[in-house]
Amino acid sequence: MSAAAAPSPRTSSAGPVLSVRGLKVGYRTTRGPLWAVDGIDLEVAPGESVGLVGESGCGKSSLGRGLVQLLPPGAGVRGSVRLADEELVGTSSGSLRRRRGEDIALVFQEPMTRLDPLMKVSTHFVQTIRAHRPDVSKDEARHLARAALAQMGIPPTRVDDYPHEFSGGMRQRIMIALAIVLQPQLIVADEPTTALDVIVESQILDILDRLRRDERVGLVLITHNLGIVAETCDRVAVMYAGRIVEIGPVEHIFSDPKHPYTQGLLASTISLETTELHTIDGYPPDLVSPPTGCRFAPRCPAVMDHCTRVDPTLTTVGPLQEAACLLYPGADGAAVTP
Amino acid sequence: MPSPLRLRLQHAVRPFRSASRTARVLVTVGLLITIVFGVAAFLAPTFYRYDGEQYRVEQPDGSFEQLPRLAPPSAEHPLGTTRDRYDVLARIIDGGRLALAVVLFSTLIAMLIGVPLGLLSGYRGGKLDRVLVTVMDAVYVFPPLLLAIIVAFLLQAYFAPGVPSAAAAVGVVYIPQYFRVVRNHTLSVKQEPYVEAARSLGAKERTVISRYVLFNVIQSVPVIFTLNAADAVLTLASLGFLGYGVQPPTPEWGYDISQAIIDITSGVWWTALWPGVAIVTLVTALTLVGEGLNDVINPLLRARGAAGAKLDAAADGEDLGEPANVDPLSPGTEDGSGPGLAGRGFRS
Amino acid sequence: MTGSRPASAPWSDAGSNGPLLEVRDLHTHFPVRTGLFRRGGDLAVRAVDGVSFEVRAGEVFGLVGESGSGKTTLGRSILKLVQPTSGSILYRGRDLVPLSERDMRPLRRELALIFQDPNASLNPAMTVGQGVGHPLRIHGLASSRAEARDQVVAMLQRVGLEPAEAFLDKYPEDVSGGQKQRVVIARALITHPRFVVADEPVAALDMSVRARVLELMLELQRDLELTYLFITHDLATARFLCDRIGILYLGNFVEWGETDRLFDDPQHPYTRALLDAIPLPDPSRRDRDKQLPRGEIPDALAPPLGCRFHPRCPAAFAPCGWEGRDLIEALESRWTEVDEDTFERELGLVGQLGDAEVTATEVRFPSASGVELARWLRHEADQLPSAVATAITDVEVGAHGVTVRFGPGPEPALQVVAGRPVACHLHGVTVRPDGDHVGDPTAAPRGP
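Note that this is a predicted model, so its numbers are computed, not measured.

What counts and what doesn't
The residue numbers shown here count from 1 along each chain, following its written sequence. Chain letters and ligand numbers both follow the written order, the letters beginning at A and the numbers at 1. Under the rules for a predicted model, residues below a pLDDT of 70 receive no local features and side-chain atom pairs below 80 are neither given nor counted, while totals for whole chains, interfaces and linings still include all residues. In this description, any two residues whose backbone-derived C-beta atoms lie within 7 Å of each other are considered to be in contact. In this text, helices come from DSSP runs of H or I with a minimum length of four residues, and strands from runs of E with a minimum of two, each type numbered from the N-terminal end. Polar here means any residue other than Ala, Val, Leu, Ile, Met, Phe, Trp, Tyr, Cys and Pro, which are nonpolar, and Asp, Glu, Lys and Arg, which are charged; Gly is therefore polar. Whenever a helix is involved, its axis is fitted only over the stretch in contact; in every case the axis is a line through C-alpha atoms, and angles between N-to-C directions fall within 0 to 180 degrees. What makes a crossing left-handed is the near helix being turned counterclockwise from the far one by less than a right angle; a clockwise turn instead makes it right-handed. Two strands pair if DSSP finds at least two bridges between them. Note that the domain bounds were set by an automatic or database domain assignment. pLDDT: the predictor's confidence for each residue, scored from 0 to 100.

S.K.: Help me understand the interface of chain C and chain A in this model?
M.R.: Many authors give the size of an interface as the accessible area that is lost as the parts come together. At the junction of the two partners, chain C supplies 38 residues and chain A supplies 40 residues. Those elements that place two or more of their residues in the side of chain C that touches chain A are α7 (207-224), α8 (235-241), α10 (269-277) and α11 (324-335) of chain C. The element best represented in the side of chain C that touches chain A is α7(C), accounting for 6 residues. Of the residues belonging to the side of chain C that touches chain A, the class tally is 20 nonpolar, 7 polar and 11 charged.

S.K.: Please clarify how the packing of helix α3 (residues 88-124) of chain B against helix α6 (residues 163-190) of chain B should be interpreted in this entry.
M.R.: Helices that pack against each other are described as a pair by the angle of their axes relative to one another and the distance between those axes. All names here are of chain B. For the pair α3 and α6, the least separation of the axes is 5 Å and the interaxial angle reads 35 degrees. Viewed along their axes, α3 and α6 form a crossing whose handedness is right-handed. For the contact of α3 with α6, the per-class residue count stands at 23 nonpolar, 9 polar and 2 charged.

S.K.: Explanation requested: the sheet that holds strand β5 (residues 86-87) of chain A in the structure shown.
M.R.: Within a sheet, neighbouring strands are paired by backbone hydrogen bonds and run either parallel or antiparallel to one another. Residues and elements named next belong to chain A. The 4 strands are arranged β2-β1-β4-β5 in an open sheet whose pairing can be described as antiparallel. At either end of the open sheet lies a strand with only one pairing partner, and these are β2 (32-44) and β5. Both strand β4 (residues 76-83) and β5 contribute to a ladder of 2 bridges, which runs antiparallel. Opposite R82, over in β5, you have E87 as the bridge partner. Helix α1 (residues 60-67) contacts β1 (18-29), β2 and β4 of the sheet and is inclined by roughly 65 degrees relative to β2.

S.K.: Could you clarify how one ought to interpret the domain arrangement of chain A in this entry?
M.R.: All names here are of chain A. Domain boundaries in chain A define domain 1 (18-103 + 184-333) and domain 2 (111-183). Taking the mean C-alpha position of each, domain 1 and domain 2 sit 30 Å from one another. On the domain 2 side, the residues contacting the 13 residues of domain 1 number 12 residues. For the side of domain 1 that touches domain 2, the secondary structure elements donating two or more residues are α2 (93-102) and α6 (198-215). With 5 residues, the top contributor of residues to the side of domain 1 that touches domain 2 is α6. Across the side of domain 1 that touches domain 2, the residue classes break down as 9 nonpolar, 2 polar and 2 charged.

S.K.: Help me out: how do you make sense of the interface of chain B and chain C in this one?
M.R.: On the chain C side, the residues contacting the 24 residues of chain B number 27 residues. The set of elements that each furnish at least two residues to the side of chain B that touches chain C consists of α1 (4-17), α7 (193-200), α8 (205-217) and α12 (308-315) of chain B. Counting residues per element, the side of chain B that touches chain C draws most heavily on α7(B), at 6 residues. Of the residues assigned to the side of chain B that touches chain C, the class counts are 11 nonpolar, 6 polar and 7 charged.

S.K.: Can you help me understand the confidence of the model for chain B in this one?
M.R.: If pLDDT is low for a region, its predicted coordinates should not be looked at in detail. Residue and element names in this part refer to chain B. Averaged over all residues, the pLDDT of chain B is 76; the fraction at 70 or higher stands at 84%. Highest mean pLDDT in chain B belongs to α7 (91); lowest belongs to α12 (31). Across residues 302-348, confidence stays below pLDDT 50; counting only partners more than four residues off in sequence or on other chains, it has 116 contacts. On the interface metric, ipTM, the complex scores 0.84, and its pTM is 0.82.

S.K.: Before we go on, may I ask you to explain the environment of B:D295 in this structure?
M.R.: Residue and element names in this part refer to chain B. Tracing the backbone shows D295 in helix α11 (residues 270-304). Residues D295 and S20, 275 residues apart in the sequence, show an inter-C-alpha distance of 7.9 Å. If we skip the residues at most four places from it in the chain, D295 touches A19, S20, T22 and A23.

S.K.: Whenever I open this one, the sheet that holds strand β12 (residues 362-365) of chain C confuses me. Can you help?
M.R.: All names here are of chain C. A sheet is described by the order of its strands in space; here 4 strands give the open sequence β11-β12-β14-β13, paired in antiparallel fashion. Lying at the two open borders of the sheet, with one neighbouring strand each, are β11 (357-358) and β13 (392-398). Across 4 bridges, β12 lies against strand β14 (residues 401-406) in antiparallel orientation. By the bridge assignment, R364 is partnered in β14 with T403.

S.K.: How should I be thinking about unusual backbone geometry in this particular structure?
M.R.: Where the residue is not glycine, phi is negative for most of them; where a peptide bond is considered, it is trans in most cases. The linkage connecting C:E162 with the following residue, C:P163, adopts the cis geometry, with an omega of -5 degrees. Mapped onto the secondary structure, C:P163 falls in the loop between α4 (145-158) and α5 (164-168). Its identity as a non-glycine residue notwithstanding, A:A241 has a phi of 50 degrees, on the positive side. With respect to the secondary-structure elements, A:A241 resides in the loop between β9 (235-240) and β10 (243-249). The backbone phi angle of C:R92 is positive, close to 50 degrees, even though this residue is not glycine.

Dropping the structure here:
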């Protein structure tokens, strides 16, 4: 990777800010390797927001960590993650560290554990900014911090407070401010509002939405809450057992889901209009030894004979909408699994 | 169907089976050495020809022949003899028996007093807790050896010198350790929803403590037990060395070393070396077990706390994203100086 | 097991849906320690602060609120797991508040609690069989081990754990999250309780499992004639499950009533805000006009005076209880929106906010530029993001700076609006008798 220390120029082209090809993320377990993410392709355009949804254990968090190459020791990554045409997989940790923050930022669920309780909020910003841009003076850095915090609704009079003096929602705002202060091209937010109350959640989602509209930041939003996806995302990728089973524009997928799993997931979601409960029978498979063929077949209400033999691939099922299900022609393009 | 006892045992050894290899090796090696000591101490007297207090051998004609003084190691006396004509090996064997017995008694005494007090203090809280904590802290900050000497002195003056007194003297030192660990652990277990659940079911306080709290705090006791045992061997030897242990000529490693010190200047090394080796080996073995158990049990304690949900979910395949044995990701561990990152793990 | 409870309970005099539980003016305060041994005077977290409602036999009553609303403490107080400070809890006509723990114990058979986190609410040292069977032993409900076992097996089957025998000897760590919650439910119901407090029973579960557990709870409610107090922060679940709902905010109900009417026609701005905020799986809602409250639920240690929701309320007006700290907050909030020059200029006018002397009814800025500040406050304070300016009655320039005074703001009492109790001044200013008011509550202006 080139050693461009200067502020990275925004990609001017219409090309995707993030491009993922055949990404696999795996862990060693006592029973053998476990591929939590098992071959994923994904693209995110500037200013686009893509939701990753699925039940816990579907691999969405591992995918999020794989995107920023932030995995526990011993985890394996295969495939390619390109951020503005630069490969992240296999890059040295030093340059990765620089890219994180400048080009790609992560927002986590629990903000308090990520802030140093003994450090003023402003100090967090000054350190962050000056680590990436050593030529920025302390005063300028404070200035940038104040602007970023004000954008998040934190009063400029409070920049010198300590993290514990803020409420949970404020801390998450601080974390987001810290994430965007270097103007990254992509934000990966992993359940950013799960610990928060609905009203604060809504406030935070509004902020993320504004960022993406005004600053053209790409957003990957990982969540188990379909409501959040419906309200904040342009496209949604539904994950099951380490793979994307359906992907497409939010309006299409919510109004006309094609994959039986997506249908089940939407049906089991309780909304204000729910009058009857629906469930998906069974449990997700053990990924150390996943079932052959379609991984959803054992739970699928529309299962067919060849579903347990043929591994479906994503195929076009509607405008910009793709699903990996053998109900649709073209999904059996893959080789028959032994 | 397996019996309840077997189930319980299986449940108890489960953490051991899922522990890291290092921990298992530590525990196994330590236990093996300790067992060798135990076997030697309790079985060797049946076939070794001398005993620890023996300085002469009865001849077939009824007369006594004294053992040699300060004889170097030989086939007859594998580790030599002492100034007082005792066989060193025999004294080490008998000293080992004493050490193990005292250690067992003393830690048992400490445990039997410390654990219930800790439980009660932690669960009840309030004034009782404050008083007990103060008393225990006072005992704890007292220099342990000095405390043991005082207790030993008192017991020997008012009761009888001998093993029970020595054991009690050593045991008193450890009561605060059990108390503190159990009390602190009780304080955290008390907050667990399952304890509130027990109350909501209408369980009496006694039942709550014995069935819901005790079983969950007792896990940390084996660790203290083994670590204390190691320490107790040293304390006993120190008492013996200073002359406050069991009454001579009862074989005792510390006492033997103190008697052997003058030999060293005259080039007699075996009388001091072997008891020393015995102390070091047994202490090391017990420490290995303790450290190993600590590794086995502590991840479990951690898992039962904050990360409990995550680990449990992983166990049933619901949260395969982060396998159980991987710490919840803190980017800071890998990326401590990556300040651009939104989620820096400053704490790591 | 189904319907095995005798239907002829003396109190239930068939048909009438009389209250099973009546809560009257319940307070649960937690004193706050300031020093090591001293108690901090009157300082207390008022987690539950004068709540009254009743739960009818056989209904599902929902307690809805954000974290910090006191909903969990209220549930615990009703079960006497936390001792209420005052008020009464009439369970089948008997007041639980004065009962000692010993007197409560036999009653606990009839009052059950289902927890939020199934992972933490099962004793890790007990097998499923022991855990579920323990209540039987506690209350002496089984004469023999075999009988207890049979009851446990039947109950496990009842909650959908089959084959039940296979679960008896498992430890909690061996079963999945959804199954654990079924075990928790089995344990709660094995003594055939009448009244069940369910504290966020599905919040920790995955969406697809959630529906299954809710389904089970409803089924059990019908079959075993249970009455639920369902505590949740999730309005969608509450709407689906509950017959009536009370919306809690900082230890008080803002309104409560029939679920459908409350959802279709919310009368309190807080209820409206909650309904606006919940994300629903419906992309067409996207561009709705959300009126989000500002900020977050405040510290229960020092709740806002007047209406407790007023600092966040999008519809608040003069009598809602505006006080000194609201002005400071409004200034800070304004400064996140203006450009830097405006901020510096206005900060220059006001001076360091830390120097301002703030009380409930007035704020004194020891500012040098007194006249200018007064002019700004008189003419431009309506630019502040909250309605705090509407309550300013007087701006006085003195030798020691500028003093701003606020008009009276009583804490609203519950009044009947649309057939249900609502605590909001928008429907006419009311005064809660024992409330926390700003100034003299009787002097408050009437009507919006």
